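Structural description and commentary
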Amino acid sequence: LKVKGLTLKNRIVMPPMNTEYATTEGTVTERLIEHYTRRAKDLGLQIIEHSYVTLDGKLSKRQLGAYDDSLVPGLKKLSSTIHTKGTPVIMQINHAGGRCTEEILGTKPVAPSHSGEARELRINEIEALTESFALAAKRAIRAGFDGVEVHGAHGFLLNQFFSPLTNKRTDRYGGSLMNRLRFPLEVVEKVKEKVGKKLLLYRMGSDDLDPVGTQIKDSWKFARKLEEADVDIIDVSGGICGSRPEQLQNTQGFFVPQAQQIKKAVSIPVIGVGGITEPEYANKVIQEKRVDLVAVGRALMKDPDWATKAIKNLAK
């Protein structure tokens, strides 16, 4: 698959999954490098776990960071080691918003609207956060990554703005669908400026699986806006329901139907995900053109050679 001058050797993607292998300051460690390099061989694309763009966006103790220039040398070592396997690598950037805790941050978490222990973001803070995402993207490019994925899924900050379940604002950042999309799209626009000719992906929380939450019809409109904003690939996952909603756990490829719907709305490549373990199933959804790429997460965590074995088995 050719995307913006980059040729992916196959359609297998390793999606971003938190490891807790960074230091408490968010710095890359040898263990983190080994984890990704071990799994990079024979992938079409590898996406590094969500990295926090500001200190108040940190979710967990040893989460990888992208909030400061001092982190760039470690990130550079990570990307260059992965590149020795011949695999393009993307860095995912994120702010956990209302899912953060005071225990980790030492301060009150921030969110689109007051909820739990989180306080509502002020307009000037929202504007500053778009810049924080842009600076994190710039660091990723300086560190030699082939692009950036903006995390807008799994109930994190950008997803919280998109969803009516978590966004109760009455200003220009809340209310109507277009108002709820304003902040995510402003982030994309700013990140795009820093990414330049490198790849820009958006991980979309396509469905809240809640009758009063985000529906797929909202995500169609969002996907078209992302395409207009020059996003190169849409990575389709769950919204406020998270990455592994209980009600979908009994099926393989549980977010593939949503990705299939999004694919109908845009002409850019779409990634499908959701508990994919069998190479035959992964191959089938590509052959049937239901999605353009398949993300295999837990299976690759369990077996670092999953991609190599899949290619071998399918070639028989």
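See the structure above.
Report on the accompanying structure. Not measured: the values here are computed from a predicted model.

**Looking at the pattern of salt bridges**
Working definition: two side chains of opposite charge can pair if their charged atoms are close together. Under the definition given, this model contains 16 salt bridges. A salt bridge links Arg-38 to Asp-305; its shortest N-O distance comes to 3.1 Å. Of the two residues, Arg-38 is situated in helix H1 (residues 30-40) and Asp-305 in the loop between helix H10 (298-302) and helix H11 (306-314); the sequence distance between them amounts to 267 residues. On the basis of relative accessibility, which here comes to 40%, the residue Arg-38 falls in the partly exposed class. As a salt-bridge pair, Arg-290 and Glu-288 come within 3.8 Å of each other at their nearest N and O atoms.

**Thoughts on the nonpolar core**
The nonpolar side chains of soluble globular proteins are, as a tendency, buried together. One finds Ile-93, Val-191 and Ile-234 to be the most contacted residues of the largest nonpolar core, which totals 76 residues. Take this core: its biggest share by element is eight residues, from helix H6 (residues 177-195). When neighbours within four sequence positions are excluded, Ile-93 is seen to be in contact with Ser-51, Val-53, Ala-66, Phe-133, Ala-136, Ala-137, Val-148, Glu-149, Val-150, His-151 and Val-191. If you look at the next biggest cluster of nonpolar residues, it comprises 16 residues, including Leu-45, Leu-201, Ile-233 and Phe-254.

**What about the sheet that holds strand S11 (residues 270-272)?**
The strands that make up a sheet pair up through hydrogen bonds in the backbone, lying either parallel or antiparallel. Around the barrel, which closes on itself, the eight strands sit in the order S3-S4-S5-S8-S9-S10-S11-S12 with parallel pairing between neighbours. The sheet shows a mean angle of 30 degrees between the axes of neighbouring strands, direction not considered. With two bridges joining them, strand S3 (residues 12-14) and strand S12 (residues 293-295) adopt parallel strand pairing. Bridged to Ile-12 within S12 is Val-294.

**A few points about unusual backbone geometry**
The backbone phi angle of Lys-4 is positive, close to 50 degrees, even though this residue is not glycine. Structurally, the position occupied by Lys-4 is in the loop between strand S1 (2-3) and strand S2 (6-7). Backbone geometry at Leu-209 places phi at a positive 55 degrees, although glycine is not the residue there. Here Leu-209 lies in the loop between strand S9 (199-205) and helix H7 (216-228). Owing to a relative accessible area of 29%, Leu-209 belongs among the partly exposed residues under this scheme.

**Brief notes about helix H4 (residues 123-142)**
Helix length check: H4, at 20 residues, gives a terminal C-alpha distance of 29 Å against a target of 28 Å (1.5 Å per residue), a fit within 8%. Within the span of H4, buried status applies to Glu-125, Ile-126, Leu-129, Thr-130, Ser-132, Phe-133, Ala-134, Ala-136, Ala-137, Arg-139 and Ala-140. Buried residues in H4 make contact with helix H2 (72-83), strand S5 (89-94), strand S7 (119-120), strand S8 (147-152), helix H5 (157-162) and H6. Of the residues trailing H4, Gly-144 is marked for its positive phi of about 90 degrees.

Rules used throughout
- Residues numbered from 1 in each chain as written.
- Predicted model: local features only at pLDDT ≥ 70, side-chain atom pairs only at ≥ 80, totals over all residues.
- Heavy atoms only, no water.
- Salt bridge = Lys/Arg side-chain N within 4 Å of Asp/Glu carboxyl O.
- Helix = DSSP H or I, 4+ residues; strand = E, 2+ residues; numbered from the N terminus.
- Buried < 20%, exposed > 50% of the residue type's maximum accessible area, 1.4 Å probe, protein only.
- Core = buried A, V, L, I, M, F, W, Y, C linked by side-chain atoms within 4.5 Å.
- Contact = heavy atoms within 4.5 Å.
- Pairing = 2+ DSSP bridges.
- Axes fitted to C-alpha atoms, helices over the stretch in contact; angles between N-to-C directions.
- Expected span 1.5 Å × (residues − 1).

So yeah, pure geometry; function would need other evidence.
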